[in-house]
Amino acid sequence: MLKRHEAALYATWLIILVAIPAPLVYFLNQNLVDTRQNILIYSFGVVAYVWWLTIVFLSTRPRWLDRLIGLPSMYFAHALLGVLALSFATLHKLQAFSIDETIKNLGNYAWYLSIFSIAYAIFFMSGWLVDRMRFLKRIKNQLHFIFKHQLSLWIHRLNFVIIGLIWLHVHLIGRISGITNFIIIFDIYTIFALSAYAWHQFISYDQKKYSGQVIGNFPLDATTQQLVIKLGQKAADYRAGDIFFLKFKKNPVISSEAHPFSVTSSPDESHKVVTFTIQRLGDFTKAINRVAIGSDVQLEGPFGMLDAVVADSAKKKQPVVLYGLGTGIAPLRSLAVKYANKAAIHVIWSTHRNSEIYYDEDFLSLKNNDAHFKYDVKKARFTQENLTSILDKTEISAARFIIVGSAAIVLNVESNLRKIGVAGNRLIDERLTM
Ligand SMILES: Cc1cc2nc3c(=O)[nH]c(=O)nc-3n(C[C@H](O)[C@H](O)[C@H](O)COP(=O)(O)OP(=O)(O)OC[C@H]3O[C@@H](n4cnc5c(N)ncnc54)[C@H](O)[C@@H]3O)c2cc1C
């Protein structure tokens, strides 16, 4: 991560953790007549609620925030806030006291649902556990035929029920809802987060800036598809290695949930035509080959920071190693095309043994035209010994590494790179799971 992104990340956390809940905690402390201990217990609940709302806001993927801290940090904040909110809600629930059964029950239901929602999301929707423990990954894959991504998204939307229950819980407590300043801010926060979500989910995609049309769709090998999309006139220009969320609305062959994919083409090749390399894994991606030429598609984005990272290295004359795992090569091809002849680029591509090396010619051509461009490809993982022989001493001691692929393998590659002497602060990754 670049220094300015790091500073923005700290500032974002400070705002989320302190500045946003502060007015509510302040007005509660100023106006509620109760013991210090009880006011603290109520404050825990209020802070947990504000963080739930922040989670909803983050799920709208504000582009300005992506440019400041990046999409992966946004997803991390989304997930970690869930755990923090549950911890604060637990402190509140275990110590708060109410004689009103309805108020008590609403709080309890919200708490039980939160426990379920967080546990489900950690297991099925994040890689926190499954990317690190193989047996859990196996269990998740076995359960995947029921708990498909689409179903998981719906279960995740239980968060709105939680918000509704807590909102009512607070409004029914007369001596709190009677604090005018408090309740006005409480409601403004709630309306703002829910409206941002509704706008993102139901309205924003219809804007012209998100429109595109499929102009090419063909297989690169048995499990990989190339999709070519012509961006609408008003679409924002993308940068190398950026990410778009693709959404096909009312298309009978594919679901209408938005899914993220990295650009494979470089803006130097064409600003208004963008190519994606898609591995056919689950419900959405397995249907992608059936999407007809001419189909309308909505593209949310672009998101991403990889271009800024490579531009920074090019400026500092720092070598860059682009390490792709399978379809993880997609954004790296885009970056390689843009930065060949501008930076010392080394592409390392590790593919599945049954895959085609479908971008081989592109990389060989870049190598032929740039004396500093290095390219290594293997239909297997690169071992530590392989890496020591293909990376030169300057790369090991000074290069920036960008590793893209599925999370579990990215973690493995990073561990190997550290073992051969690459410092952790020069490893940047993009994991193809959220
Ligand atoms: C920032 C970002 C950029 C991405 N860029 C690309 C890209 O350029 N090309 C591309 O093909 N994919 C990319 N992905 C992954 C892609 O979004 C998912 O593969 C897709 O959304 C899966 O949807 P699905 O409904 O087909 O599969 P799901 O039903 O969600 O998953 C099907 C099965 O595949 C597994 N799975 C899902 N994703 C991966 C993965 N990436 N690697 C290994 N196993 C996985 C799931 O655990 C599950 O077992 C990217 C993901 C992110 C977060």
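Read on for a plain summary of the structure. Computed from a prediction, not measured in an experiment: that's the story for all the values here. (Residues numbered from 1 in each chain as written. Predicted model: local features only at pLDDT ≥ 70, side-chain atom pairs only at ≥ 80, totals over all residues. Heavy atoms only, no water.)

Remarks on helix H5 (residues 71-95)
In a regular helix each residue adds 1.5 Å, so 25 residues correspond to 36 Å; H5 covers 36 Å between its end C-alpha atoms and thus fits that length. Taken residue by residue, H5 has Leu-71, Ser-73, Met-74, Ala-77, His-78, Leu-81, Gly-82, Ala-85, Leu-86, Ala-89 and His-92 as its buried positions. (Helix = DSSP H or I, 4+ residues; strand = E, 2+ residues; numbered from the N terminus. Expected span 1.5 Å × (residues − 1). Buried < 20%, exposed > 50% of the residue type's maximum accessible area, 1.4 Å probe, protein only.)

Some words on the site of the ligand
With respect to spatial proximity, 24 residues lie near the ligand, and among them His-259, Pro-260, Thr-277, Gln-279 and Thr-285 are the closest. Take Gly-282: an N or O atom from its main chain is 3.2 Å from an oxygen atom of the ligand. At a separation of 3.1 Å, a nitrogen atom of the ligand approaches a polar backbone atom of Leu-432. For the ligand, the accessible surface in isolation is 910 Å², of which the surrounding protein chains cover 87%. Residue assignment for the shell around the ligand shows that the elements contributing at least two residues are helix H7 (134-143), strand E4 (259-262), strand E5 (273-279) and helix H12 (283-286). The dominant element in the shell around the ligand, judged by the number of residues it contributes, is E4, at four residues. Taken together, the residues that form the shell around the ligand break down as nine nonpolar, twelve polar and three charged. (Near = heavy atom within 4 Å. Polar contact = N/O pair within 3.5 Å; in protein donor to acceptor, adjacent residues only side chain to side chain. Areas by Shrake-Rupley, 256 points an atom, 1.4 Å probe, with all protein chains shown as cover. Nonpolar A, V, L, I, M, F, W, Y, C, P; charged D, E, K, R; others polar.)

Some thoughts on the packing of helix H2 (residues 22-31) against helix H11 (residues 180-203)
The relative placement of two packed helices is expressed as an angle between their axes plus a distance between the axes. Remark: H2 packs on H11, axes separated minimally by 9 Å, with the N-to-C direction vectors making an angle of 160°. In this view, H2 runs roughly antiparallel relative to H11, as classed from their interaxial angle. In this structure, the crossing between H2 and H11 has a hand that is left-handed. Each of Pro-23, Leu-24, Phe-27 and Leu-28 in H2 lies in contact with H11, whose residues at this interface are Asn-181, Phe-182, Ile-185, Phe-186 and Tyr-189. Among the residues making up the contact of H2 with H11, the classes are represented as eight nonpolar, one polar and no charged. (Axes fitted to C-alpha atoms, helices over the stretch in contact; angles between N-to-C directions. Parallel < 35°, antiparallel > 145°, perpendicular 65-115°, else oblique. Left-handed = near helix turned anticlockwise from the far one by under 90°. Contact = heavy atoms within 4.5 Å.)

Things to note about the sheet that holds strand E9 (residues 374-378)
In a beta sheet, neighbouring strands are held together by backbone hydrogen bonds and run either parallel or antiparallel to one another. Pairing is parallel in the open sheet, where five strands are placed in the order E9-E8-E7-E10-E11. In the strand order of this sheet, the two ends are held by E9 and strand E11 (427-431), each with one partner. Going across the sheet, the axis of each strand differs from the next one's by a mean of 10°, ignoring polarity. Where strand E7 (residues 320-325) and strand E8 (residues 345-350) come together, six bridges link them in parallel fashion. In the strand pairing of E8, Leu-322 is matched with Val-347. Packing of helix H14 (residues 329-339) onto the sheet brings it into contact with E7, E8, strand E10 (400-405) and E11, and relative to E7 it is tilted by some 150°. Sitting on the sheet, helix H18 (residues 407-419) touches E7, E10 and E11, and the angle it makes with E11 is about 170°. (Pairing = 2+ DSSP bridges.)

Some details on the nonpolar core
Residues Leu-28, Trp-52, Ile-176 and Phe-182 are the most contacted members of the largest nonpolar core, which totals 55 residues. The biggest single contributor to this core is helix H3 (residues 36-58), with 13 residues. There are two domains that each give this core at least three residues, and those are domain 1 (3-203) and domain 2 (207-303). When sequence neighbours within four positions are dropped, the list of residues in contact with Phe-182 reads Leu-24, Phe-27, Leu-28, Val-46, Val-170 and Ile-176. Formed by 30 residues, the second largest nonpolar core is a distinct cluster that contains Leu-306, Val-337, Ala-340 and Tyr-359. (Core = buried A, V, L, I, M, F, W, Y, C linked by side-chain atoms within 4.5 Å. Domains from an automatic or database assignment.)

Side note on the packing of aromatic side chains
Counted by the stated rule, this structure contains 22 aromatic pairs. Seen from their ring centres, Phe-116 and Tyr-120 are 5.9 Å apart, and the 45° between their planes marks the pair as tilted. Of the two residues, Phe-116 and Tyr-120 both sit in helix H6 (residues 101-125), four residues apart, roughly one turn of that helix. For Phe-116, a relative accessible area of 40% puts it in the partly exposed group. The rings of Trp-349, Tyr-358, Tyr-359, Phe-363 and Tyr-375 are connected pair by pair, giving a single aromatic cluster. Over the ring of Tyr-359 we find Arg-333; its NZ or CZ atom is 5.7 Å from the centre of that ring. Lys-378 extends its terminal NZ or CZ atom over the ring of Phe-382, reaching a point 5.8 Å from the ring centre. (Phe/Tyr/Trp six-rings, centres within 6.5 Å; stacked < 30°, edge-to-face > 60°. Lys NZ or Arg CZ within 6 Å of the ring centre and 35° of its normal.)

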